[in-house]
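Examining the three-dimensional arrangement
One letter stands for each residue in the lines below.
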Amino acid sequence: MRPRIHRKQERGQAIVLIAFAFIGLIAMIGLMVDGGMLLIEYGRLKRAIDAASLSAALQYREGYTTAQLTDAATEFLQLNQSDVFDIQVDTDTTDASLLTNPRRKLVRVTASRHVRFGFLSVIGIRQVDITATSVGEAASVDLVLVLDASASMAFEGGGYPNNADSDLDDPSQCNPTNTCHPFAEIKAVAAQFINQLYFPYDRVGIEIFDRNVREVLRLDDPKATDKTEVINAIESLTVFDPGIPCDDPVENTRVDGAPPTHCRKYDPITNEYRGLEFPFYRSGGNADPSSLPSSNVGDALWRAGGQFEHGRQDSLWVVIVLAGGPTNTGGIGRVYAEGRICPPSTWGAPYCRRPFANAISPRPKPGNENYDADDYARDAADFIANPITGQGATIFSIGLGNMVRYASVGDPRSGEKLLQYAATVAGDESGEQINHGLYFFAPTSSQLREIFRTIAESIATRLSR
(Lines give C-alpha, C1' and ligand atoms only; values in the text may rest on other atoms or scores of the structure.)
Protein backbone atom coordinates (compact mmCIF):
# COMPACT_ATOMS: atom_id res chain seq x y z
CA MET A 1 0.00 0.00 0.00
CA ARG A 2 2.87 2.37 0.61
CA PRO A 3 3.77 2.81 -3.01
CA ARG A 4 0.20 3.78 -3.77
CA ILE A 5 0.18 6.45 -1.03
CA HIS A 6 3.45 7.81 -2.42
CA ARG A 7 1.93 8.15 -5.84
CA LYS A 8 -0.98 10.16 -4.39
CA GLN A 9 1.46 12.53 -2.71
CA GLU A 10 3.32 12.97 -5.96
CA ARG A 11 0.09 13.85 -7.69
CA GLY A 12 -0.65 16.48 -5.08
CA GLN A 13 2.78 18.00 -5.46
CA ALA A 14 2.38 18.08 -9.23
CA ILE A 15 -0.84 20.05 -8.90
CA VAL A 16 0.97 22.66 -6.80
CA LEU A 17 3.82 22.84 -9.27
CA ILE A 18 1.41 23.16 -12.17
CA ALA A 19 -0.42 25.97 -10.34
CA PHE A 20 2.84 27.81 -9.81
CA ALA A 21 3.75 27.16 -13.42
CA PHE A 22 0.45 28.66 -14.56
CA ILE A 23 1.11 31.74 -12.43
CA GLY A 24 4.58 32.02 -13.94
CA LEU A 25 3.12 31.49 -17.40
CA ILE A 26 0.52 34.17 -16.78
CA ALA A 27 3.29 36.46 -15.53
CA MET A 28 5.33 35.75 -18.65
CA ILE A 29 2.33 36.38 -20.88
CA GLY A 30 1.57 39.48 -18.83
CA LEU A 31 5.06 40.78 -19.34
CA MET A 32 4.77 40.20 -23.04
CA VAL A 33 1.23 41.51 -23.52
CA ASP A 34 1.20 44.29 -20.95
CA GLY A 35 4.81 45.19 -21.74
CA GLY A 36 3.87 45.54 -25.39
CA MET A 37 0.84 47.58 -24.41
CA LEU A 38 3.09 49.77 -22.27
CA LEU A 39 5.33 50.46 -25.25
CA ILE A 40 2.32 51.19 -27.45
CA GLU A 41 0.84 53.59 -24.90
CA TYR A 42 4.19 55.31 -24.44
CA GLY A 43 4.43 55.74 -28.22
CA ARG A 44 0.93 57.25 -28.28
CA LEU A 45 1.80 59.63 -25.47
CA LYS A 46 5.11 60.60 -27.07
CA ARG A 47 3.46 61.34 -30.43
CA ALA A 48 0.80 63.42 -28.70
CA ILE A 49 3.40 65.37 -26.76
CA ASP A 50 5.50 65.87 -29.90
CA ALA A 51 2.47 67.38 -31.62
CA ALA A 52 1.57 69.40 -28.52
CA SER A 53 5.06 70.90 -28.34
CA LEU A 54 4.82 71.95 -31.98
CA SER A 55 1.34 73.34 -31.38
CA ALA A 56 2.64 75.38 -28.47
CA ALA A 57 5.75 76.51 -30.36
CA LEU A 58 3.62 77.82 -33.21
CA GLN A 59 1.90 80.09 -30.71
CA TYR A 60 5.17 81.98 -30.25
CA ARG A 61 3.93 85.44 -31.05
CA GLU A 62 4.59 88.86 -29.63
CA GLY A 63 2.98 89.08 -26.18
CA TYR A 64 2.24 85.37 -25.75
CA THR A 65 3.12 84.19 -22.24
CA THR A 66 4.28 80.79 -21.02
CA ALA A 67 0.82 80.36 -19.48
CA GLN A 68 -0.77 80.82 -22.91
CA LEU A 69 1.64 78.33 -24.44
CA THR A 70 0.69 75.91 -21.66
CA ASP A 71 -2.99 76.39 -22.47
CA ALA A 72 -2.30 75.60 -26.13
CA ALA A 73 -0.39 72.42 -25.28
CA THR A 74 -2.97 71.33 -22.66
CA GLU A 75 -5.87 71.82 -25.04
CA PHE A 76 -4.14 69.75 -27.71
CA LEU A 77 -3.27 66.93 -25.29
CA GLN A 78 -6.76 66.78 -23.83
CA LEU A 79 -8.20 66.42 -27.30
CA ASN A 80 -5.84 63.56 -28.11
CA GLN A 81 -5.04 61.99 -24.70
CA SER A 82 -7.94 62.49 -22.33
CA ASP A 83 -6.24 61.07 -19.21
CA VAL A 84 -2.95 62.98 -19.19
CA PHE A 85 -1.87 64.80 -16.04
CA ASP A 86 1.06 66.84 -14.70
CA ILE A 87 1.34 68.84 -17.94
CA GLN A 88 4.32 71.19 -17.79
CA VAL A 89 5.43 73.65 -20.47
CA ASP A 90 8.81 75.41 -20.38
CA THR A 91 10.51 78.04 -22.54
CA ASP A 92 13.89 79.71 -22.23
CA THR A 93 12.28 82.24 -19.87
CA THR A 94 11.37 79.50 -17.34
CA ASP A 95 14.20 77.01 -17.83
CA ALA A 96 17.76 78.13 -18.50
CA SER A 97 18.59 74.79 -20.16
CA LEU A 98 16.52 75.95 -23.16
CA LEU A 99 18.42 79.24 -23.45
CA THR A 100 20.62 79.37 -26.56
CA ASN A 101 22.77 82.01 -28.21
CA PRO A 102 21.28 83.28 -30.44
CA ARG A 103 17.94 82.58 -28.81
CA ARG A 104 15.57 80.08 -30.41
CA LYS A 105 11.82 79.62 -30.14
CA LEU A 106 11.95 76.39 -28.13
CA VAL A 107 9.04 74.96 -26.14
CA ARG A 108 9.39 71.83 -24.00
CA VAL A 109 6.24 69.91 -23.06
CA THR A 110 6.20 67.17 -20.41
CA ALA A 111 3.14 65.12 -19.39
CA SER A 112 2.20 61.81 -17.76
CA ARG A 113 -0.64 59.29 -17.97
CA HIS A 114 -1.76 56.07 -16.28
CA VAL A 115 -1.43 52.72 -18.05
CA ARG A 116 -3.61 49.93 -16.55
CA PHE A 117 -2.52 46.31 -16.93
CA GLY A 118 -4.55 43.22 -17.61
CA PHE A 119 -2.47 40.10 -16.97
CA LEU A 120 0.01 41.69 -14.58
CA SER A 121 -2.78 42.60 -12.18
CA VAL A 122 -2.82 38.88 -11.26
CA ILE A 123 0.51 39.37 -9.52
CA GLY A 124 -0.54 42.70 -8.02
CA ILE A 125 0.79 45.14 -10.66
CA ARG A 126 -2.39 46.93 -11.66
CA GLN A 127 -1.03 50.10 -13.33
CA VAL A 128 2.05 52.21 -13.94
CA ASP A 129 2.55 55.90 -14.74
CA ILE A 130 4.53 56.85 -17.84
CA THR A 131 6.02 60.24 -18.61
CA ALA A 132 7.21 61.65 -21.93
CA THR A 133 8.80 64.92 -22.94
CA SER A 134 9.39 66.69 -26.24
CA VAL A 135 10.92 69.97 -27.42
CA GLY A 136 9.18 71.78 -30.27
CA GLU A 137 10.57 74.73 -32.18
CA ALA A 138 9.00 77.47 -34.27
CA ALA A 139 11.36 78.78 -36.90
CA SER A 140 12.84 82.18 -36.24
CA VAL A 141 13.11 84.80 -38.98
CA ASP A 142 16.30 86.31 -40.38
CA LEU A 143 14.99 89.21 -42.46
CA VAL A 144 16.78 91.88 -44.48
CA LEU A 145 14.92 95.05 -45.49
CA VAL A 146 16.20 96.65 -48.72
CA LEU A 147 14.74 100.13 -49.19
CA ASP A 148 15.08 102.67 -51.99
CA ALA A 149 16.37 105.95 -50.52
CA SER A 150 17.10 107.75 -53.81
CA ALA A 151 15.81 111.28 -54.38
CA SER A 152 12.67 109.90 -56.04
CA MET A 153 11.55 108.90 -52.54
CA ALA A 154 10.73 112.57 -51.97
CA PHE A 155 8.69 113.02 -55.14
CA GLU A 156 5.30 113.02 -53.38
CA GLY A 157 6.17 116.18 -51.48
CA GLY A 158 4.21 118.44 -53.79
CA GLY A 159 6.90 119.78 -56.10
CA TYR A 160 7.18 116.83 -58.46
CA PRO A 161 6.85 117.26 -61.35
CA ASN A 162 5.14 120.62 -61.91
CA ASN A 163 6.92 122.59 -59.21
CA ALA A 164 10.22 120.81 -59.17
CA ASP A 165 12.05 123.42 -57.11
CA SER A 166 9.70 123.18 -54.15
CA ASP A 167 11.19 122.64 -50.71
CA LEU A 168 8.54 119.96 -50.21
CA ASP A 169 10.54 117.47 -52.22
CA ASP A 170 14.03 118.76 -51.52
CA PRO A 171 15.79 116.19 -49.27
CA SER A 172 17.82 118.94 -47.60
CA GLN A 173 14.55 120.45 -46.40
CA CYS A 174 12.31 117.42 -45.78
CA ASN A 175 14.84 115.02 -44.20
CA PRO A 176 15.25 117.02 -40.95
CA THR A 177 11.48 117.18 -40.45
CA ASN A 178 10.74 113.63 -41.68
CA THR A 179 8.40 115.02 -44.33
CA CYS A 180 9.97 113.45 -47.40
CA HIS A 181 7.10 111.64 -49.08
CA PRO A 182 6.66 108.74 -49.76
CA PHE A 183 9.77 107.90 -47.71
CA ALA A 184 8.11 108.92 -44.44
CA GLU A 185 5.25 106.52 -45.16
CA ILE A 186 7.68 103.74 -46.11
CA LYS A 187 9.44 104.08 -42.76
CA ALA A 188 6.16 104.14 -40.81
CA VAL A 189 4.83 101.01 -42.51
CA ALA A 190 8.17 99.21 -42.14
CA ALA A 191 8.22 100.00 -38.41
CA GLN A 192 4.68 98.67 -38.05
CA PHE A 193 5.73 95.50 -39.86
CA ILE A 194 8.66 95.08 -37.46
CA ASN A 195 6.19 95.12 -34.58
CA GLN A 196 4.74 91.85 -35.91
CA LEU A 197 8.03 90.00 -35.50
CA TYR A 198 9.05 88.38 -32.22
CA PHE A 199 12.24 89.73 -30.72
CA PRO A 200 14.80 88.67 -29.56
CA TYR A 201 14.18 85.46 -31.50
CA ASP A 202 13.75 87.15 -34.91
CA ARG A 203 16.50 89.33 -36.40
CA VAL A 204 16.40 92.21 -38.90
CA GLY A 205 19.10 93.65 -41.14
CA ILE A 206 18.66 96.87 -43.14
CA GLU A 207 20.18 98.02 -46.45
CA ILE A 208 19.28 101.27 -48.21
CA PHE A 209 20.35 102.34 -51.67
CA ASP A 210 20.55 105.29 -54.01
CA ARG A 211 23.56 105.41 -56.32
CA ASN A 212 25.49 103.68 -53.56
CA VAL A 213 24.41 101.21 -50.89
CA ARG A 214 24.52 101.80 -47.16
CA GLU A 215 24.42 98.93 -44.69
CA VAL A 216 22.44 100.30 -41.77
CA LEU A 217 22.12 97.14 -39.65
CA ARG A 218 23.63 93.67 -39.95
CA LEU A 219 21.98 90.42 -38.89
CA ASP A 220 24.92 89.55 -36.66
CA ASP A 221 24.74 92.89 -34.83
CA PRO A 222 23.22 92.50 -31.34
CA LYS A 223 20.93 95.42 -32.19
CA ALA A 224 19.31 93.27 -34.89
CA THR A 225 17.52 91.27 -32.18
CA ASP A 226 16.28 94.35 -30.31
CA LYS A 227 12.95 95.69 -31.59
CA THR A 228 13.55 99.18 -30.24
CA GLU A 229 16.97 99.39 -31.92
CA VAL A 230 15.59 98.13 -35.24
CA ILE A 231 12.72 100.63 -35.23
CA ASN A 232 15.10 103.44 -34.26
CA ALA A 233 17.33 102.48 -37.19
CA ILE A 234 14.35 102.65 -39.56
CA GLU A 235 13.18 105.99 -38.21
CA SER A 236 16.68 107.45 -38.67
CA LEU A 237 16.79 106.69 -42.42
CA THR A 238 16.92 109.64 -44.80
CA VAL A 239 16.51 110.27 -48.52
CA PHE A 240 19.70 110.66 -50.55
CA ASP A 241 20.98 114.24 -50.40
CA PRO A 242 24.36 114.94 -52.07
CA GLY A 243 24.47 118.53 -50.84
CA ILE A 244 25.82 119.84 -54.15
CA PRO A 245 24.57 123.23 -55.44
CA CYS A 246 23.09 123.68 -58.87
CA ASP A 247 25.46 123.82 -61.81
CA ASP A 248 23.44 126.68 -63.33
CA PRO A 249 22.21 129.01 -60.55
CA VAL A 250 20.40 131.33 -62.96
CA GLU A 251 18.42 128.60 -64.71
CA ASN A 252 17.77 126.72 -61.52
CA THR A 253 16.70 129.50 -59.18
CA ARG A 254 13.91 128.30 -56.93
CA VAL A 255 10.37 129.42 -57.77
CA ASP A 256 10.30 131.61 -54.66
CA GLY A 257 13.28 133.55 -56.00
CA ALA A 258 15.65 132.46 -53.24
CA PRO A 259 19.15 131.24 -54.13
CA PRO A 260 19.13 127.48 -54.64
CA THR A 261 20.70 125.23 -52.01
CA HIS A 262 20.39 122.12 -54.16
CA CYS A 263 19.74 121.58 -57.81
CA ARG A 264 16.09 120.58 -58.14
CA LYS A 265 15.64 121.54 -61.78
CA TYR A 266 13.28 118.94 -63.26
CA ASP A 267 13.92 118.00 -66.88
CA PRO A 268 10.64 116.73 -68.43
CA ILE A 269 12.55 115.26 -71.39
CA THR A 270 14.77 112.93 -69.38
CA ASN A 271 12.30 112.65 -66.50
CA GLU A 272 15.15 113.35 -64.08
CA TYR A 273 16.25 116.08 -61.67
CA ARG A 274 19.34 117.76 -63.01
CA GLY A 275 22.33 118.11 -60.76
CA LEU A 276 20.89 116.44 -57.67
CA GLU A 277 20.46 113.04 -59.28
CA PHE A 278 23.66 113.28 -61.38
CA PRO A 279 25.97 115.66 -59.49
CA PHE A 280 29.27 114.01 -60.41
CA TYR A 281 28.44 113.99 -64.09
CA ARG A 282 26.91 117.49 -64.30
CA SER A 283 29.39 119.39 -62.18
CA GLY A 284 32.54 117.52 -63.10
CA GLY A 285 32.09 117.37 -66.87
CA ASN A 286 32.59 113.61 -66.82
CA ALA A 287 31.15 112.17 -70.03
CA ASP A 288 30.85 108.67 -68.58
CA PRO A 289 27.12 108.09 -67.92
CA SER A 290 27.97 105.32 -65.47
CA SER A 291 28.42 108.09 -62.90
CA LEU A 292 24.88 109.39 -63.47
CA PRO A 293 22.31 106.96 -62.07
CA SER A 294 21.05 106.83 -58.50
CA SER A 295 19.18 103.51 -58.27
CA ASN A 296 21.60 100.74 -57.38
CA VAL A 297 19.26 97.79 -56.88
CA GLY A 298 21.95 95.29 -57.89
CA ASP A 299 24.50 96.11 -55.20
CA ALA A 300 21.72 96.38 -52.60
CA LEU A 301 20.59 92.83 -53.40
CA TRP A 302 24.16 91.50 -53.39
CA ARG A 303 24.75 93.08 -49.99
CA ALA A 304 21.44 91.74 -48.66
CA GLY A 305 22.31 88.23 -49.80
CA GLY A 306 25.71 88.53 -48.18
CA GLN A 307 24.09 89.17 -44.81
CA PHE A 308 22.96 85.54 -44.70
CA GLU A 309 26.57 84.49 -44.32
CA HIS A 310 25.67 85.24 -40.70
CA GLY A 311 22.21 83.66 -40.96
CA ARG A 312 21.02 80.80 -38.77
CA GLN A 313 20.52 77.52 -40.59
CA ASP A 314 17.32 76.74 -38.66
CA SER A 315 15.65 80.09 -39.42
CA LEU A 316 13.52 81.35 -42.31
CA TRP A 317 15.61 83.67 -44.52
CA VAL A 318 13.66 86.54 -46.08
CA VAL A 319 14.50 89.63 -48.14
CA ILE A 320 11.97 92.42 -48.68
CA VAL A 321 13.05 94.86 -51.39
CA LEU A 322 11.20 98.10 -52.22
CA ALA A 323 12.22 100.13 -55.28
CA GLY A 324 10.78 103.20 -56.96
CA GLY A 325 11.92 102.51 -60.52
CA PRO A 326 14.36 100.68 -62.77
CA THR A 327 17.89 99.95 -61.68
CA ASN A 328 20.45 101.94 -63.61
CA THR A 329 23.77 101.38 -61.93
CA GLY A 330 25.64 98.72 -60.02
CA GLY A 331 28.98 97.13 -59.40
CA ILE A 332 30.34 100.07 -57.45
CA GLY A 333 33.87 99.08 -56.55
CA ARG A 334 33.74 95.95 -58.69
CA VAL A 335 35.77 95.33 -61.85
CA TYR A 336 34.01 94.37 -65.07
CA ALA A 337 34.49 95.10 -68.75
CA GLU A 338 35.72 98.67 -69.17
CA GLY A 339 35.92 98.77 -65.37
CA ARG A 340 32.21 99.44 -64.86
CA ILE A 341 28.79 97.79 -64.77
CA CYS A 342 27.67 100.29 -67.38
CA PRO A 343 29.63 99.47 -70.57
CA PRO A 344 29.68 101.93 -73.51
CA SER A 345 27.00 99.89 -75.30
CA THR A 346 24.54 101.15 -72.67
CA TRP A 347 25.66 104.79 -72.58
CA GLY A 348 22.63 106.01 -74.46
CA ALA A 349 19.16 106.48 -73.04
CA PRO A 350 18.24 104.77 -70.79
CA TYR A 351 21.55 104.99 -68.98
CA CYS A 352 23.23 101.68 -68.14
CA ARG A 353 20.32 99.58 -69.43
CA ARG A 354 19.56 97.99 -72.76
CA PRO A 355 16.45 99.41 -74.44
CA PHE A 356 14.34 96.42 -73.40
CA ALA A 357 14.74 94.55 -70.13
CA ASN A 358 16.11 91.03 -70.44
CA ALA A 359 15.91 91.20 -74.26
CA ILE A 360 19.00 89.03 -74.72
CA SER A 361 18.75 85.29 -74.08
CA PRO A 362 20.64 83.77 -72.43
CA ARG A 363 21.32 86.66 -70.11
CA PRO A 364 24.78 88.20 -70.62
CA LYS A 365 27.39 87.48 -67.98
CA PRO A 366 29.94 89.83 -66.36
CA GLY A 367 32.57 90.85 -68.90
CA ASN A 368 30.14 90.79 -71.83
CA GLU A 369 29.84 94.19 -73.52
CA ASN A 370 26.05 94.01 -73.19
CA TYR A 371 26.01 93.18 -69.49
CA ASP A 372 23.96 96.00 -67.96
CA ALA A 373 22.69 97.06 -64.55
CA ASP A 374 19.50 95.03 -64.94
CA ASP A 375 21.51 91.83 -65.63
CA TYR A 376 23.62 92.59 -62.58
CA ALA A 377 20.56 92.96 -60.34
CA ARG A 378 19.04 89.72 -61.68
CA ASP A 379 22.27 87.88 -60.93
CA ALA A 380 22.08 89.26 -57.37
CA ALA A 381 18.48 88.02 -57.03
CA ASP A 382 19.59 84.57 -58.24
CA PHE A 383 22.31 84.58 -55.59
CA ILE A 384 19.76 85.30 -52.86
CA ALA A 385 17.19 82.71 -53.98
CA ASN A 386 19.32 79.84 -55.31
CA PRO A 387 19.75 77.17 -52.60
CA ILE A 388 22.67 75.48 -54.38
CA THR A 389 24.97 78.30 -55.47
CA GLY A 390 23.42 81.02 -53.32
CA GLN A 391 21.58 81.54 -50.06
CA GLY A 392 18.17 79.94 -50.61
CA ALA A 393 16.29 82.91 -49.16
CA THR A 394 12.78 84.06 -50.07
CA ILE A 395 12.36 87.43 -51.79
CA PHE A 396 9.29 89.66 -51.51
CA SER A 397 9.44 92.71 -53.81
CA ILE A 398 7.46 95.95 -53.94
CA GLY A 399 7.37 98.42 -56.83
CA LEU A 400 6.36 101.88 -55.64
CA GLY A 401 5.28 104.68 -57.97
CA ASN A 402 4.55 105.09 -61.64
CA MET A 403 8.19 104.95 -62.75
CA VAL A 404 8.15 101.23 -61.96
CA ARG A 405 5.67 100.65 -64.80
CA TYR A 406 5.96 103.79 -66.88
CA ALA A 407 9.64 104.68 -67.20
CA SER A 408 10.07 107.49 -69.72
CA VAL A 409 13.02 105.90 -71.57
CA GLY A 410 13.79 102.33 -72.50
CA ASP A 411 11.43 99.55 -71.54
CA PRO A 412 8.68 101.34 -69.57
CA ARG A 413 8.15 98.26 -67.33
CA SER A 414 11.81 97.44 -66.75
CA GLY A 415 11.54 98.24 -63.04
CA GLU A 416 8.54 95.99 -62.55
CA LYS A 417 10.02 93.18 -64.65
CA LEU A 418 13.12 93.13 -62.48
CA LEU A 419 11.12 93.06 -59.24
CA GLN A 420 8.82 90.35 -60.59
CA TYR A 421 11.84 88.29 -61.58
CA ALA A 422 13.40 88.66 -58.13
CA ALA A 423 10.27 87.48 -56.29
CA THR A 424 8.92 84.79 -58.61
CA VAL A 425 11.68 83.49 -60.92
CA ALA A 426 15.11 84.08 -59.38
CA GLY A 427 17.10 80.94 -58.65
CA ASP A 428 15.00 78.62 -60.82
CA GLU A 429 17.99 77.55 -62.90
CA SER A 430 19.21 75.56 -59.90
CA GLY A 431 16.79 72.78 -60.76
CA GLU A 432 15.61 72.75 -57.14
CA GLN A 433 12.20 73.75 -55.87
CA ILE A 434 12.55 77.44 -54.97
CA ASN A 435 10.64 78.94 -52.06
CA HIS A 436 9.47 81.96 -54.06
CA GLY A 437 7.87 85.05 -52.56
CA LEU A 438 5.42 87.59 -53.99
CA TYR A 439 5.58 90.79 -56.06
CA PHE A 440 3.40 93.81 -55.32
CA PHE A 441 2.81 97.06 -57.21
CA ALA A 442 1.88 100.15 -55.21
CA PRO A 443 0.95 103.22 -57.31
CA THR A 444 1.28 105.37 -54.17
CA SER A 445 2.38 104.88 -50.58
CA SER A 446 -1.24 104.45 -49.45
CA GLN A 447 -1.17 100.79 -50.58
CA LEU A 448 1.95 99.90 -48.58
CA ARG A 449 0.24 99.10 -45.30
CA GLU A 450 -1.90 96.35 -46.83
CA ILE A 451 1.07 95.00 -48.81
CA PHE A 452 3.25 94.65 -45.72
CA ARG A 453 0.36 93.01 -43.87
CA THR A 454 0.08 90.42 -46.66
CA ILE A 455 3.84 89.77 -46.51
CA ALA A 456 3.65 89.29 -42.73
CA GLU A 457 0.84 86.73 -43.17
CA SER A 458 2.82 84.92 -45.86
CA ILE A 459 5.87 84.68 -43.58
CA ALA A 460 3.69 83.38 -40.72
CA THR A 461 2.26 80.70 -43.03
CA ARG A 462 5.72 79.55 -44.02
CA LEU A 463 6.76 79.36 -40.38
CA SER A 464 3.78 77.08 -39.67
CA ARG A 465 4.63 74.47 -42.30
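Described below are features of the structure shown in this document. (Residues numbered from 1 in each chain as written. Predicted model: local features only at pLDDT ≥ 70, side-chain atom pairs only at ≥ 80, totals over all residues. Heavy atoms only, no water.)

**A few points about the overall build of the chain**
- The helix and strand tally for the chain stands at ten helices and eleven strands.
- Counting only residues that meet the buried cut, the chain has 49% of its 465 residues in that class.
- Accessible surface, the chain as shown: approximately 21300 Å² in total, 55% of it carbon and sulfur. (Helix = DSSP H or I, 4+ residues; strand = E, 2+ residues; numbered from the N terminus. Buried < 20%, exposed > 50% of the residue type's maximum accessible area, 1.4 Å probe, protein only. Areas by Shrake-Rupley, 256 points an atom, 1.4 Å probe, with all protein chains shown as cover.)

**A closer look at the sheet that holds strand β6 (residues 213–217)**
- The sheet built from six strands is open, its strands ordered β6-β5-β4-β9-β10-β11 with mixed pairing. Edge positions in the open sheet fall to β6 and β11 (439–442), since each of these has one partner strand only. Recorded for the sheet is a direction-independent mean angle of 15° between the axes of neighbouring strands.
- Pairing of strand β4 (residues 141–148) with strand β9 (residues 316–323) involves seven bridges; the strand directions are parallel. (Pairing = 2+ DSSP bridges. Axes fitted to C-alpha atoms, helices over the stretch in contact; angles between N-to-C directions.)

**Describing the packing of aromatic side chains**
- Tallying each qualifying case throughout the model produces five aromatic pairs.
- Taking 6.2 Å as the distance between ring centres and 45° as the angle between the ring planes, the aromatic pair formed by tryptophan 302 and tyrosine 376 counts as tilted. A residue pair is termed long-range when its members are at least 10 positions apart, and tryptophan 302 in helix α7 (residues 297–307) and tyrosine 376 in helix α8 (residues 373–385) qualify at 74 residues.
- A relative accessible area of 23% places tryptophan 302 in the partly exposed class.
- What links up through ring pairs into an aromatic cluster is the set Trp302, Tyr376 and Phe383.
- We note arginine 378 situated over the ring of tyrosine 421; from NZ or CZ to the ring centre the distance is 5.0 Å.
- Positioned above the aromatic ring of phenylalanine 441, the side-chain terminus of arginine 405 is 3.8 Å from the ring centre. (Phe/Tyr/Trp six-rings, centres within 6.5 Å; stacked < 30°, edge-to-face > 60°. Lys NZ or Arg CZ within 6 Å of the ring centre and 35° of its normal.)

**Description of the nonpolar core**
- Counting residues in each nonpolar core, the largest one holds 44 residues, and the members touching the most others are Leu143, Phe193, Ile194, Ile320, Ile398, Ile455 and Ile459.
- When neighbours within four sequence positions are excluded, leucine 143 is seen to be in contact with Phe193, Arg203, Val204, Gly205, Leu219, Val318, Ile320 and Ile459.
- Among the nonpolar cores identified, the runner-up in size contains 31 residues, and Val319, Ala377, Leu418 and Ala423 belong to it. (Core = buried A, V, L, I, M, F, W, Y, C linked by side-chain atoms within 4.5 Å. Contact = heavy atoms within 4.5 Å.)

**Describing the state of the cysteines**
- The full count for this structure, using the stated rule, is one disulfide.
- Across a sulfur-sulfur distance of 1.8 Å, cysteine 174 and cysteine 180 are joined as a disulfide pair. Since a negative S-S torsion denotes a left-handed disulfide, the cysteine 174-cysteine 180 link at about 90° is right-handed. No difference in accessibility class separates cysteine 174 from cysteine 180, as the two residues are buried. (Disulfide = S-S within 2.5 Å.)

**Looking at helix α9 (residues 414–424)**
- In terms of burial, α9 is a largely internal element, eight of the eleven residues being buried.
- Looking at the buried side of α9, the elements it contacts are α7, β9, α8, β10 (394–400) and β11.

**As for the packing of helix α4 (residues 183–194) against helix α5 (residues 227–235)**
- Between α4 and α5, the shortest axis-to-axis distance is 9 Å and the interhelical angle comes to 170°. It follows that α4 is roughly antiparallel to α5 by the angle criterion. Only Lys227, Val230, Ile231, Ile234 and Glu235 of α5 make contact with α4, whose side of the interface consists of Lys187, Ala190, Ala191 and Ile194.
- For the contact of α4 with α5, the per-class residue count stands at six nonpolar, no polar and three charged. (Parallel < 35°, antiparallel > 145°, perpendicular 65-115°, else oblique. Nonpolar A, V, L, I, M, F, W, Y, C, P; charged D, E, K, R; others polar.)

**Here's the deal with the pattern of salt bridges**
- Applying the stated rule across the entire model yields 25 salt bridges.
- Put simply, glutamate 41 and arginine 113 hold a salt bridge, and the shortest N to O gap is 2.4 Å. Here glutamate 41 is found in helix α1 (residues 2–57), whereas its partner arginine 113 is found in strand β2 (residues 105–116), with 72 residues between them in sequence. For the pair formed by glutamate 41 and arginine 113, the shared burial category is buried.
- Between arginine 363 and aspartate 379 there is a salt bridge, with the nearest N and O atoms lying 2.8 Å from each other. Here arginine 363 is found in the loop between β9 and α8, whereas its partner aspartate 379 is found in helix α8, with 16 residues between them in sequence. (Salt bridge = Lys/Arg side-chain N within 4 Å of Asp/Glu carboxyl O.)

**Examining the pairing of strand β5 (residues 203–209)**
- Taken across its seven residues, β5 has seven buried, putting it largely inside the fold.
- Neither face of β5 is left uncovered, since the one carrying Arg203, Gly205, Glu207 and Phe209 and the one carrying Val204, Ile206 and Ile208 both have all their residues buried.
- Inspection of the sheet shows β4 paired to β5 by seven bridges, in the parallel sense. Bridge pairing links valine 144 to glycine 205 in β5.

**A few points about the sheet that holds strand β3 (residues 127–138)**
- Taking strand neighbours across the sheet as the criterion, the three strands line up as β1-β2-β3 in an open arrangement whose pairing is antiparallel. One side of each edge strand has no neighbouring strand; the edge strands of this open sheet are β1 (84–90) and β3. Here the strands of the sheet are splayed against their neighbours by 15° on average, with no regard to which way each runs.
- Relative to the sheet, helix α2 (residues 66–80) contacts β1 and β2, its axis offset from that of β1 by approximately 145°.

**Remarks on the side chain of aspartate 90**
- On the secondary structure map, aspartate 90 appears in strand β1.
- On the accessibility criterion, aspartate 90 (9% relative accessible area) is buried.
- A polar side-chain atom of aspartate 90 sits 3.1 Å from a polar atom in the side chain of glutamine 88.
- Reaching out from aspartate 90, the side chain makes a polar contact with the side chain of threonine 94 at a distance of 3.1 Å. (Polar contact = N/O pair within 3.5 Å; in protein donor to acceptor, adjacent residues only side chain to side chain.)

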